[in-house]
Amino acid sequence: MSGTGTNETVVATAPGGGLQSVPTRQIRVIGVPLDMGASRRGVDMGPSAMRVAGLEARLEALGHRVTDGGNIKVEVPETQAHGAENARYLKQIAEICTRTADAVLKTLEEGMTPLVLGGDHSIAAGSISGVSEFYRRRNQNIGVVWIDAHSDINTPETSPSGNVHGMPLAALLGLGPDLLGNIYGYAPKILPENTVLIGVRDIDAAERANIKRAGVGEVYTMRDIDERGMRTVIEEALRAAGRGTAGYHVSLDMDWIDPEDAPGVGTPVRGGATYREAHLAMEIIADHGRLLSFEMVEVNPVIDEHNRTADLAVELACSAFGKKIL
Ligand SMILES: NC(=[NH2+])NCCC[C@H](N)C(=O)O
Ligand SMILES: [Mn+2]
Ligand SMILES: [Mn+2]
């Protein structure tokens, strides 16, 4: 059994007839159609939109074996009470994250690479708990590469919105909320020095303090990418996430990308990564070969244009899983 789900390199026939070699993986797709963590509705349709964009076939065209594990059971908010205003639906989200963690853990135990489709970003508290638990049982830590316009490091006490999708990183680092951070009965799940943020451009004042308090290793803002270039930033970030760890989980919030190219996201913020920068980051992740699991979140078909944000998400997954031009 291989922890990263990577097997021998094969030569696959790429669409268009080109040949390329990629390390083959067995990938399991796990959908989490959750939008209770956000105030704008619609990201619950994200998993469907990415499947419709051809996720499975396009990854298989690279030589991977892909199976779809279906969706995690998620209640619709219309049937639920939202509970405390400072963290709406926290109880339901924590249950859904626990189911997600179990599915991710099982996928790794079966030697496959989890590919998790959100859903709002609160699901990362589940997926990352699953990866972290798998490696904890093998006495190893994991890194987290959090690629996002936001830092998602609020707690119920600091959140300006009460939206739980602004809290998963705080939960994973042990700042709370406990219900989300204590899946499998312990916290924190990840080490701050192996946690990196890339692409941030919209941080709340209290989040700044939380980043310091948690001691997050490296934070790369859009300005860092502008000044130093995507290549330098991503390589430095991957080094930090990979230092002394089994490898890293990549959590890709599609609002990282500029709304010009990714209009269909829950919380758009101007000034994001370009199409090429986004691909380059994913290509370098593939080259480094230390990806343990991958997730794409916050695709919102309700405000997308002909599914192009979902299509871009699928393109980026292909780059992260080794697609090459030549
Ligand atoms: N995953 C996201 N899109 N998060 C946006 C969070 C926005 C804001 N910082 C909040 O906590 O409400
Ligand atoms: Mn996010
Ligand atoms: Mn975001």
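All values derive from a computational prediction rather than experimental measurement. (Residues numbered from 1 in each chain as written. Chains lettered and ligands numbered in written order. Predicted model: local features only at pLDDT ≥ 70, side-chain atom pairs only at ≥ 80, totals over all residues. Heavy atoms only, no water.)

Distances from the manganese ion (ligand 2) to its protein donors, His-121 (ND1), Asp-148 (OD), Asp-152 (OD) and Asp-253 (OD), fall at 2.0 to 2.2 Å. In this structure, the manganese ion (ligand 2) lies 3.2 Å from the manganese ion (ligand 3), and both are coordinated by Asp-148. A residue pair is termed long-range when its members are at least 10 positions apart, and Asp-152 in the loop between strand 5 (143-147) and helix 5 (168-172) and Asp-253 in strand 8 (residues 248-253) qualify at 101 residues. Of the two residues, Asp-152 and Asp-253, both sit in the buried class. (Donors = N, O, S within 2.8 Å, 3.2 Å for Na, K, Ca; no water. Helix = DSSP H or I, 4+ residues; strand = E, 2+ residues; numbered from the N terminus. Buried < 20%, exposed > 50% of the residue type's maximum accessible area, 1.4 Å probe, protein only.)

Here we take up the coordination of the manganese ion (ligand 3). Protein-derived ligands of the manganese ion (ligand 3) are Asp-148 (OD), His-150 (ND1), Asp-253 (OD), Asp-255 (OD) and Asp-255 (OD), with the metal-ligand distances lying across 2.1 to 2.5 Å. For the manganese ion (ligand 3), the donor residues sit on a single chain with the sequence spacing D-x1-H-x102-D-x1-D. Judged by its relative accessible area of 1%, Asp-255 is buried.

This brings us to the pattern of salt bridges. Two side chains of opposite charge can pair, provided their charged atoms sit close to one another. Here the structure, examined in full by the defined rule, presents 19 salt bridges. Among the salt bridges present, the one from Glu-133 reaches Arg-137, with a minimum N-O distance of 2.8 Å. Judged by relative accessible area, which is 4%, Glu-133 ranks as buried. Where Asp-287 meets Lys-324, a salt bridge forms, and the shortest distance between an N and an O atom there is 3.6 Å. Of this pair, Asp-287 sits in helix 10 (residues 275-288) while Lys-324 sits in the segment after helix 11 (308-320), placing them 37 residues apart in sequence. One continuous salt-bridge network, built from bridges that share partners, spans Lys-73, Glu-75, Glu-95 and Arg-99. (Salt bridge = Lys/Arg side-chain N within 4 Å of Asp/Glu carboxyl O.)

For the protein chain, the average pLDDT comes to 95, and 94% of its residues sit at 70 or higher. Confidence drops under a pLDDT of 50 for residues 12-19, and excluding neighbours within four residues, the segment shows 13 contacts in the predicted structure. Both scores are available for the predicted complex, with the pTM at 0.95 and the ipTM at 0.98. (pLDDT = per-residue confidence, 0-100. Contact = heavy atoms within 4.5 Å.)

With that out of the way, let us pick up the site of ligand 1. Around ligand 1, 13 residues are found, and the nearest of them are Asp-152, Asn-154, Ser-161, Asp-204 and Thr-267. His-165 places a polar main-chain atom, nitrogen or oxygen, 3.3 Å from a nitrogen atom of ligand 1. Interatomic distance of 3.3 Å between a side-chain N/O atom of Glu-298 and a nitrogen atom of ligand 1. Out of a free accessible area of 350 Å², ligand 1 has 93% covered by protein chains. (Near = heavy atom within 4 Å. Polar contact = N/O pair within 3.5 Å; in protein donor to acceptor, adjacent residues only side chain to side chain. Areas by Shrake-Rupley, 256 points an atom, 1.4 Å probe, with all protein chains shown as cover.)

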